[in-house]
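# Structure at a glance
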Amino acid sequence: MSNYISLTKEEEDILVSKVLYKKYLKGQYIVQQGDVCKYSGFVISGCTKTFYVDEEGQEHIVMFSIEDWWASDMGSFVTQTPADFNVQCLENTELIIFSHDNIEELYILIPKLERFFRQIVEKGLAASQKRIVRSFSLSAKEQYLHFRNQYPKIEQRIPQYMIASYLGITKEFLSKIKSQLILEQ
């Protein structure tokens, strides 16, 4: 937060009193599709995936969250309606979580937090829109290279089939891309 706003000691104390620290085990869900997302979490350690499951049972990964990223179904959290996405821990994960009620109270008690969260949401929306454009305009290979730049060293932390799902390709095609990149070196 200090990159965006500065808080007084009193404001820090209020903030700390309104957030929770929570540990999740690998495989646990932070929110499940269809449930209302009651919390927005900031990842202290660990890794999560945000995904939805279609009518055929196919999983579609839309985001990974690692240290210093946010993990939640933001649409559900903001509107307090059923979640479109699941958020599941890929590793043991530690979060600082904000409940919907507490965040609204914090906006009143510390108005500059509303600005902070607005900026975070704006950046998230912009990144999401850029990802949509990349999916239409870049080749699978270019998307994979962008993924590697966006998530450095994450490939050691998550299975290849999940990266393929995120990129919207098969794991076999991802293997082909990776082999091609090795030959180009």
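Keep in mind that this is a model prediction, so the values were computed, not measured.

Before going further, it helps to spend a moment on the nonpolar core. In terms of nonpolar packing, the biggest core is built from 26 residues, with L15, I30, F98, I103, L106, L113 and F117 touching the most fellow members. When residues of this core are traced back to their parent elements, those giving at least two are β1 (19–24), β2 (29–31), β6 (70–71), β7 (86–89), β8 (93–99), α3 (100–109) and α4 (111–137). The next biggest cluster of nonpolar side chains, apart from the first, holds 20 residues, and it includes C47, A164, L167 and L174.

For the rest of this paragraph, the subject is the confidence of the model for the chain. On average, residues of the chain score 92 in pLDDT, and 99% of them are at 70 or above. Mean pLDDT values over the elements of the chain span from 87, in α4, up to 98, in β7.

Right, let's talk about the packing of aromatic side chains for a bit. Evaluation of the coordinates by the stated rule reveals 15 aromatic pairs. Ring geometry for Y107 against F117: centres 6.0 Å apart, planes inclined by 65 degrees, an arrangement best described as edge-to-face. Remark: F117 occurs in helix α4 and Y107 occurs in helix α3; sequence separation between them is 10 residues. Across the pair, F117 and Y107 agree in class, each one buried.

Let's shift gears to the side chain of E91. Here E91 is to be found in the loop between β7 and β8. On the accessibility criterion, E91 (19% relative accessible area) is buried.

Moving on, we get to the packing of α4 against helix α5 (residues 140–150). In the contact formed by α4 and α5, the axes pass within 9 Å of each other and the chain directions differ by 150 degrees. It follows from the interaxial angle that α4 and α5 lie roughly antiparallel. Residue-level contacts link R134, S135 and S137 of α4 to E142, Q143, H146 and Q150 of α5.

Here we take up the sheet that holds β8. Taken together, the 4 strands give an open sheet; going across it, the order is β1-β8-β3-β6, and neighbouring strands pair in antiparallel fashion. Each having just a single partner strand, β1 and β6 make up the two edges of the open sheet. Note that strand β3 (residues 39–45) and β8 share 6 bridges and pair antiparallel. Among the inter-strand pairings, S45 is bridged to a residue of β8, identified as E94. Where helix α1 (residues 9–18) meets the sheet, it contacts β1 and β8, and its direction lies at approximately 45 degrees from that of β1.

What counts, and at which threshold
All residue numbers refer to positions counted from 1 along the written sequence of the respective chain. Side-chain atom pairs in this predicted model are given and counted only at pLDDT of 80 or more, local residue features only at pLDDT of at least 70, and totals for whole chains, interfaces and linings cover all residues. Just so you know, side-chain values use all the structure's heavy atoms and leave hydrogens and water out. By nonpolar core is meant a set of buried Ala, Val, Leu, Ile, Met, Phe, Trp, Tyr and Cys residues that side-chain atoms within 4.5 Å join together. Classification of residues uses two cut-offs on accessible area relative to the type maximum, computed with a 1.4 Å probe and protein chains only: under 20% is buried, over 50% is exposed, and between them is partly exposed. Each helix corresponds to a stretch of at least 4 residues labelled H or I by DSSP, and each strand to a stretch of at least 2 residues labelled E; elements are numbered beginning at the N terminus. Here pLDDT means the predictor's own confidence in every residue, given as a number from 0 to 100. Stacked, tilted and edge-to-face are the three classes applied to pairs of Phe, Tyr and Trp rings, where Trp contributes its six-membered ring and a pair requires centres within 6.5 Å; stacked means planes under 30 degrees apart, edge-to-face means over 60, and tilted covers the rest. Lines are fitted to the C-alpha atoms to define the axes, a helix being fitted only along its stretch in contact, and any angle between axes, read from their N-to-C directions, falls within 0 to 180 degrees. An angle below 35 degrees is read as roughly parallel, one above 145 as roughly antiparallel, one from 65 to 115 as roughly perpendicular, and any other as oblique. Residue contacts follow a heavy-atom distance rule, with two residues in contact if any of their heavy atoms lie within 4.5 Å. Criterion used throughout: strands pair if DSSP finds at least two bridges between them.

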